[in-house]
Amino acid sequence: MDNPNIIEEAPCIAACAINQDARDYVQLIARGRFEEAFQLVRSKNPFPASCGRICTRRCEEACRRSAVDEPIAIAWLKRFLADKDLDLPQEKPPQEYPEKIAIIGAGPAGLSAANDLALMGYQCVIFEELLEPGGMLSVGVPRYRLPRQSLDKDINETLSLGVELRTGVKIGKDLPIDSLFQEGFKAVFVAIGAHRPSRLNIPGEDLPGVIPALELFRKISIGGGVKIGHKVAIIGGGDTALDAARTALRIGAREASLVYRRSLEEMPCEEEGRREAEEEGIKFFLLAAPVEILGKNKVETLKCIRMRLGDPDSSGRRRPIPIPGSEFTLEVDKVLVAIGQSPELDTFSKAGIRITPKDLIGVDEETMATSRPGVFAGGDAVLVGGTLIEAVAHGKRAARAIHSYLRGEKPVMPQRPSPLKDLSPQRLSLIKRTPRERMSTLPVESRLRDFGEVELGYSDQLAVAEARRCLNCGAGAVVDPELCAACLTCVRVCPYDVPEISQEERVAKIGPDCQSCGICVVECPARAITLKDRYEDQGRIALERALQTFSLKDGRPRIITFLCQYDPHCAGLSQVLDEAGENVRAVEVSCVGKIDPLLILKAFEMGVDGVVVAACSPGDCPFQKGHSWAKKRFDHLVVHIAALGMERQRLQWFSPSPREQFLRKLGGMLEELKKLGAVSSHN
Amino acid sequence: MIVARPKSFEDIKRYVGNRKKVAIVGCGGCVTVRPVGGQKQVQELAALLRLWAKKEALTRGSQPLTIEEETILRQCEPEFINSLEGRFKDCEAIISLACGVGVQCLADKFPELEVFPGVDAVFMGATIEPGLYWERCVGCGNCIIGETGGLCPVSRCAKSLLNGPCGGSLGGHCEVSPETPCVWQLIYERMEQRGNLGALDRIMPIKDWSVRPGRLVLEHLRVEKKES
Amino acid sequence: MDEEKTAKPSAEVQETSRLKSGSNLERLLKEGKFVVTAELGPPRGAARETVERKANILRGYADAFNITDCQTSVVRMSSIASGVILLEMGLEPVIQMTCRDRNRIGLQSDLLGAAALGMKNLLCLTGDHPKFGDHPGAKPVFDLDSIQLLSVVKAMRDEKRLQSGTKIEVEPRFFLGAAENPFADPFAFRARRLAKKIEAGAEFIQTQIVYNVERFAQWMTAVRAMGLHKKAFILAGVTPLKSLGMARYMKNNVPGLEVPDEIIARMEKKKSKTEGIDICLEIIEKLRKIEGVAGIHIMAVEWEEVVPQLVERASLLPRPTPSISAVPTC
């Protein structure tokens, strides 16, 4: 989204609370450039491993590919990057500032603020009440969804920037806010989260055996044993409720029943988590609400009532209405309550910070500033029921605002880009259908034995294949109106009918439905079209690199092989060629339709003895027409090559499949080239 | 627009010969739109020639070939041609990828240099479909299309017959090239459709062909030369 | 031309004084005789003897002899020069003049010369495209088309002026002819186009070779409906088929020529020259019965030997003795 060519943003980027560059890192993954992709992710988001697992994925909801088949698995791809242990560059802040900043709470909001402030050059100290950092990620999310080591990876990266973490310190109780200022902190960011469980307000709620779900998580995370009993009821329908139910099964419960007052459709949880819960045998009592918990000295029975859905309420969801006389009971040993939490705010109201009627810290939504100068707040303390990515966004906004506050400047907040409109219906049938790559999951039998992560992640190959499904929204071709001759070539060659030349505009316009096939870029006689995508250079850099690695000493023929990155038969071929020990180098291009014949000529000009183009099979082209254009240009070029007196054998078109045949042909070509000698043999 | 086709590489090689440095100049007009002489083709021809020079290093007397690549907006306008002032100083020749008009304007601008045509202009025509062009006008200077149903027999009949069709019109095609529709058949059909076949009974008068070399003065568009 | 005159005019309108050119062909036609003309193809070379040999074969079997003008765009001895040889032999030539090789200056100049040399019959043609000939890269002229050429020559003759308007003292006196292809497309336009030629000055019409008599008859019906057979003499073209190969070639390779399948079938069955001659005789017989056909034109190029027996077997002998006066030699 930092690309100045792009005004309207890909919906995935626009939908994200931090405008994470989803399209761009997905495009990098598609090109096998994992390290750059990860660096790009991390430059915006200090929680890639966590977001890659438990993000609510507004990006995927917005993905334009949904209209064609299924959205890109953006989160899974982010997780793939985070799990690869890729190097990040050692970033040093451009300058050091003297002001110290106190951050209360080591959850995602606090850590995100610390991360960004540290990168700006500020000294940050995080005060955390618990013994471990992570906040709700640490105590509110079970480990089979977010393993501790993944969370630690994210946190440690931030801490490695020089952020100081003081755990076991409760601000207010151990240290009043005012004393932070007295200690020399120039700004405070309050990111205490919401850890006080909401109450059911029904009789029997205080019976032993009725515990908040978060309490359960906390006990497990600090290693305390929990007796869960045989039959557990969970109240609530969100991710926490599902997590509590699934956790119960993992610590010995035989039966877990989830009671939710609305229907499946209204459940505020992730689809995957719910499906996995169903697989694991969780029982769902939908359109049911608890009315009383019964038992002698401990929970024995949960009495519920059936509900029906009425008109939508203020949240837009249909209001549940009890059906009189429909009461039923569940025999249970434990009731886990997961109906939300609220922040503990006494300390802050006493410190003169405005609290809202909803019992949240009042902030300026743009700058996260509280009513007290120098004090900022974010995360669940200002937005109950917020998501991980919203907490990160708050932390990042607060960091900027704190910087402006300390520098005495007016805060400049990043503009939120507007999303591109949906793909036009006429385009849908022109885009090749390719289903999402599935991530393998742990088999149900072994899941319930421990807290091992259920979703197992992508292999390199699957990640690349999935990333290639990305339509590169908004980063396609762009026409330079100064150069455009309105010749209609782009209009005529586009497989998706995207370019238009209107009588009014008089130059070609390539709209946001461009699929980045690159055919028009190569064909434009005025060289007026380029791809906005800064990661797409149509094989130029790869060729440069390949040329540099040739061995020039032994006189063996040098061959450049252009490979289609999209073709499964080309996958791994590059490595095979490298390992063969011959003077053959691969140049991978995201569709051979992007190869400019000029690039092939350039390879010859730079001294290669032969060029091979290995494209997918005609029907396999992801851009439908890329293959046929490449072939047409190739045939035309062969004629020119012959005309200038070069041997035709120097330019070949081989199918990469079957591989043995490809390698045999390549071997034959090497032999032929040995006989022919160099292109400028007269020299 | 003018439709041109690339000259054979044999011709271009002959033009370049043993020269050390040449310029290739494209045109942003017709030959860009009917793509044989735009920036893309300039780049491609330059690359091919460099490669050829490399291959023929010995026969060319081991001379490396340097090529200046340039594409101007239109080669048929003095202002755009003048923008090349001072260019191509150490070039020995220029290959123009414009139609013959552009080639000559370049040659006038650089009289000391040899200027070669890189394309053959073939006609003024329309795009029938991408990659297929058809002649539609010969610039005869005396348009009669108004009397022939909006179809030009001068450019579209192999014999430019004004009182056609000749006896070789068969099945709607021209005997000279069977893929060409007989324009007189088309004229007949259109007139029939209009219910105006009678218009074809008139003997078309002998045409005044005295238009070459063409010179056109539009007084109202003339600008007085500025005193220098 | 007299509007009242029929295809077989009465004796009253046969006076020599009414003749435009005084040619034998014009006279016979206006006398109402069923005429026979024969084509003579000049050689690809300067051999006067070839012209003489062919002329001697044809002598006495036709009323006038058409000399082609580089037919199918192949370079041959010129029509006018060959015509001079015929005149010297006492035969009457029909000069052919195409618009392919000469502009209006060349056309007029050559025709003035032809008239001075004693030519009296002129067939005005647009001409084949050079693409079909032995010099396919030649620049085709087509400054005029056949209709315009007719009007130019008519004006030279009747108004004593060149195309430019310049007056001339002595006009070329030609009996003007044109060709028409009844089989080409658009079929419905063919009779109208004939009318244009007649309006431009054509007094006799030579048609494309007729094999499909039925279609020819259809065209003649349209011609008669427009009264054109009363305004010009229509000579139907015939060519005897020499072989099955020739029949097939004519069918497949000569644009605007229709050879019905039954004729091909007959040639396949018999595979002989005599069958070709028999077919031709049958066609001539049918053509003579069509109202408005004023004669036949035999095109047996490079097979001139067949003409005598064809004419004889068609009972078109004897031909009226030509009344050619002594001609000047050049």
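What you see is a predicted model, and the numbers here were worked out from it, not measured in a lab.

Visitor: Quick question: what am I supposed to make of helix α4 (residues 104–116) of chain C here?
Guide: Along an α-helix, residues three or four positions apart point the same way, because every turn accommodates 3.6 residues. Residue and element names in this part refer to chain C. With 13 residues, α4 should cover 18 Å at 1.5 Å per step; its first-to-last C-alpha distance of 18 Å lies within 8% of that length. Of all the residues in α4, the buried ones are R104, L107, Q108, L111 and A114. Viewed along the axis of α4, the buried residues span an arc of 125°, placing them on a single side of the element. Opposite the buried face of α4, at more than 90 degrees from it, the exposed residues are I105 and A116. Where the residues of α4 are buried, they touch α3 (79–88), β3 (93–98), β4 (121–125) and α5 (146–158). Phi turns positive one or two residues past the end of α4, at G118, with a value near 105°.

Visitor: Before we go on, may I ask you to explain the packing of helix α23 (residues 597–605) of chain A against helix α24 (residues 626–643) of chain A in this structure?
Guide: Two packed helices can be described by the angle between their axes and the distance between those axes. Residues and elements named next belong to chain A. At a minimum axis distance of 10 Å, the contact between α23 and α24 shows a crossing angle of 40°. With respect to each other, α23 and α24 are oriented oblique. α24 is crossed by α23, and the crossing has right-handed handedness. Where α23 abuts α24, its residues P597, I600, L601 and F604 lie against R633, L637 and I641.

Visitor: Even after reading the chapter, I still don't get the environment of I29(A), so can you show me in this structure?
Guide: Tracing the chain through its elements places I29(A) in helix α2 (residues 22–30). Through-space distance from the C-alpha of I29(A) to that of L200(A) is 46 Å; in sequence the pair is 171 residues apart.

Visitor: What is the right way to look at the sheet that holds strand β6 (residues 119–129) of chain B in this model?
Guide: Sheets are built from strands that pair by backbone hydrogen bonding, the pairs being arranged parallel or antiparallel. Residues and elements named next belong to chain B. Across the sheet, which stays open at both edges, the three strands sit in the order β1-β6-β7 with antiparallel pairing between neighbours. In this open sheet, the two edge strands, each paired with only one partner strand, are β1 (2–6) and β7 (132–137). Geometrically, the sheet is characterised by an average inter-axis angle of 70° between neighbouring strands, direction not taken into account.

Visitor: I'm lost on the interface of chain B and chain A in this one. Help?
Guide: Frequently, the measure chosen for interface size is the accessible area removed from exposure when the parts meet. Listed as interface residues are 26 residues of chain B and, on the opposing side, 29 residues of chain A. Of the roughly 2400 Å² buried where chain B meets chain A, counting both sides, 63% is carbon and sulfur surface. Considering only the surface of chain B that becomes buried against chain A, K40(B), L51(B) and K55(B) emerge as the three largest contributors, covering 31% of it. Linking R50(B) and E605(A) is a salt bridge whose minimum nitrogen-to-oxygen distance equals 2.8 Å. On the surface where chain B and chain A come into contact, there are seven residue pairs in polar contact (both at pLDDT 80 or more). A per-class count over the side of chain B that touches chain A returns ten nonpolar, eight polar and eight charged.

Visitor: Explain the packing of aromatic side chains here, please?
Guide: Aromatic ring pairs are defined here through the distance separating the ring centres and the angle between the ring planes. Residue and element names in this part refer to chain A. Within this structure, the stated rule accounts for 14 aromatic pairs over all chains. When the ring of W76 is compared with that of Y458, the centres are 5.8 Å apart and the planes differ by 75°; the resulting orientation is edge-to-face. Of this pair, W76 sits in helix α6 (residues 74–82) while Y458 is found in the loop between α17 (444–447) and α18 (460–467), placing the two residues 382 residues apart along the sequence. In terms of burial, W76 and Y458 fall into one category: buried. For the cation-ring pair, K100 lies above F185, with the distance from its terminal atom to the ring centre recorded as 5.0 Å.

Visitor: Help me understand a nonpolar patch on the surface, please; the structure alone is not making it clear to me.
Guide: Residues and elements named next belong to chain B. On the surface, L216, L218 and L221 cluster together into a nonpolar patch covering about 330 Å² of accessible area. With respect to the helices and strands, L218 occurs in the segment after α7 (183–194). What makes L218 partly exposed here is its relative accessible area of 39%.

Visitor: Even after reading the chapter, I still don't get the arrangement of the chains, so can you show me in this structure?
Guide: Sorting the two pairs of chains in contact by contact count puts chains B and C at the top. No interface is formed between chain A and chain C, the nearest pair of C-alpha atoms being 25 Å apart.

Visitor: Would you mind showing me how to read the packing of α4(C) against α5(C) here?
Guide: Residue and element names in this part refer to chain C. Contact geometry of α4 with α5 gives a least axis separation of 11 Å together with a crossing angle of 45°. Accordingly, the angle class assigned to the pair α4 and α5 is oblique. In this structure, α4 meets α5 at a crossing whose hand is right-handed. Counted together, L107, Q108, L111 and L112 of α4 and L149, V152, V153 and M156 of α5 form the full contact between these two elements. When the residues that make up the contact of α4 with α5 are grouped by side-chain class, the tally is seven nonpolar, one polar and no charged.

Visitor: Explain the domain arrangement of chain A to me, please; I cannot follow it from the model alone.
Guide: All names here are of chain A. One can read the domain layout of chain A as domain 1 (11–88 + 423–467), domain 2 (100–194 + 343–407), domain 3 (197–341), domain 4 (477–531) and domain 5 (540–676). Tallying the contact residues gives 13 residues for domain 1 and eleven residues for domain 3. Summing both partners gives a buried area of about 1000 Å² for domain 1 against domain 3, and 51% of it is carried by carbon and sulfur. For the pair domain 1 and domain 3, the number of links is two salt bridges. Between E270 and R57 there is a salt bridge, and its shortest N-O distance comes to 3.9 Å. Connecting domain 1 to domain 3 are one residue pair in polar contact (both at pLDDT 80 or more).

Visitor: Can you walk me through α6(A) in this structure?
Guide: Among the nine residues in α6(A), nine count as buried, and that is most of the element. What α6(A) keeps buried is the set I74(A), A75(A), W76(A), L77(A), K78(A), R79(A), F80(A), L81(A) and A82(A).

Visitor: Sorry, what's going on with the pairing of β6(B) here?
Guide: Every other side chain in a regular strand lies on the same face of the sheet, so the side chains alternate between the two faces. Residue and element names in this part refer to chain B. Pairing between β1 and β6: five bridges, direction antiparallel. Residue pairing across strands places I2 opposite M124, the latter belonging to β6. One ladder, built from five bridges, connects β6 with β7; its direction is antiparallel. Bridge pairing in β7 links G125 to E135. In sequence, β6 turns back onto β7 through a hairpin of two residues, with G131 there showing a positive phi of about 85°.

Visitor: I would appreciate a short explanation of the interface of chain B and chain C in the present structure.
Guide: Opposite the 30 residues of chain B that make contact, chain C presents 30 residues. Around 2600 Å² of area is buried between chain B and chain C when both sides are counted, 55% of it from carbon and sulfur atoms. Taken as a group, K159(B), I203(B) and I206(B) account for 25% of the area that chain B buries against chain C, more than any other trio of residues on that side. Counting the contacts that link chain B with chain C gives one salt bridge. One salt bridge connects R192(C) with D201(B), and the closest N-O pair in it is separated by 3.0 Å. Summed over the shared surface of chain B and chain C, the number is 18 residue pairs in polar contact (both at pLDDT 80 or more).

Visitor: Is there a simple way to explain the pattern of salt bridges in this structure?
Guide: Pairing is possible between side chains of opposite charge, provided their charged atoms come close. A full pass over the atoms with the stated rule returns 99 salt bridges over all chains. The salt bridge involving E69(B) is made with R50(B); its shortest N-O contact spans 3.1 Å. Taken together, the residues E69(B) in strand β3 (residues 66–72) and R50(B) in helix α3 (residues 39–55) connect sequence positions 19 residues apart. The partly exposed category is assigned to R50(B), whose relative accessible area is 23%. Overlapping salt bridges, with partners in common, bring together R57(A), E60(A), E270(A), E272(A) and R436(A) in one network.

Visitor: What exactly am I supposed to notice about the environment of I529(A) here?
Guide: All names here are of chain A. Here I529 shows up in strand β20 (residues 529–531). Residue I529 is classed as buried on the basis of its relative accessible area, which comes to 6%. Each C-alpha atom, one on I529 and one on I235, is 58 Å from the other, the two residues being 294 residues apart in sequence. In this structure, I529 is in contact with A477, V478, V479, C490, I510, C520, V521 and C524, ignoring residues within four places of it in sequence.

Conventions used here
- Residues numbered from 1 in each chain as written.
- Chains lettered and ligands numbered in written order.
- Predicted model: local features only at pLDDT ≥ 70, side-chain atom pairs only at ≥ 80, totals over all residues.
- Heavy atoms only, no water.
- Helix = DSSP H or I, 4+ residues; strand = E, 2+ residues; numbered from the N terminus.
- Expected span 1.5 Å × (residues − 1).
- Buried < 20%, exposed > 50% of the residue type's maximum accessible area, 1.4 Å probe, protein only.
- Arc of directions from axis to C-beta.
- Contact = heavy atoms within 4.5 Å.
- Axes fitted to C-alpha atoms, helices over the stretch in contact; angles between N-to-C directions.
- Parallel < 35°, antiparallel > 145°, perpendicular 65-115°, else oblique.
- Left-handed = near helix turned anticlockwise from the far one by under 90°.
- Pairing = 2+ DSSP bridges.
- Buried area = accessible area lost by both parts, 1.4 Å probe.
- Salt bridge = Lys/Arg side-chain N within 4 Å of Asp/Glu carboxyl O.
- Polar contact = N/O pair within 3.5 Å; in protein donor to acceptor, adjacent residues only side chain to side chain.
- Nonpolar A, V, L, I, M, F, W, Y, C, P; charged D, E, K, R; others polar.
- Phe/Tyr/Trp six-rings, centres within 6.5 Å; stacked < 30°, edge-to-face > 60°.
- Lys NZ or Arg CZ within 6 Å of the ring centre and 35° of its normal.
- Patch = residues over 30% accessible without salt bridge, like charges linked within 9 Å, V, L, I, M, F, W, Y side chains within 5 Å.
- Areas by Shrake-Rupley, 256 points an atom, 1.4 Å probe, with all protein chains shown as cover.
- Domains from an automatic or database assignment.

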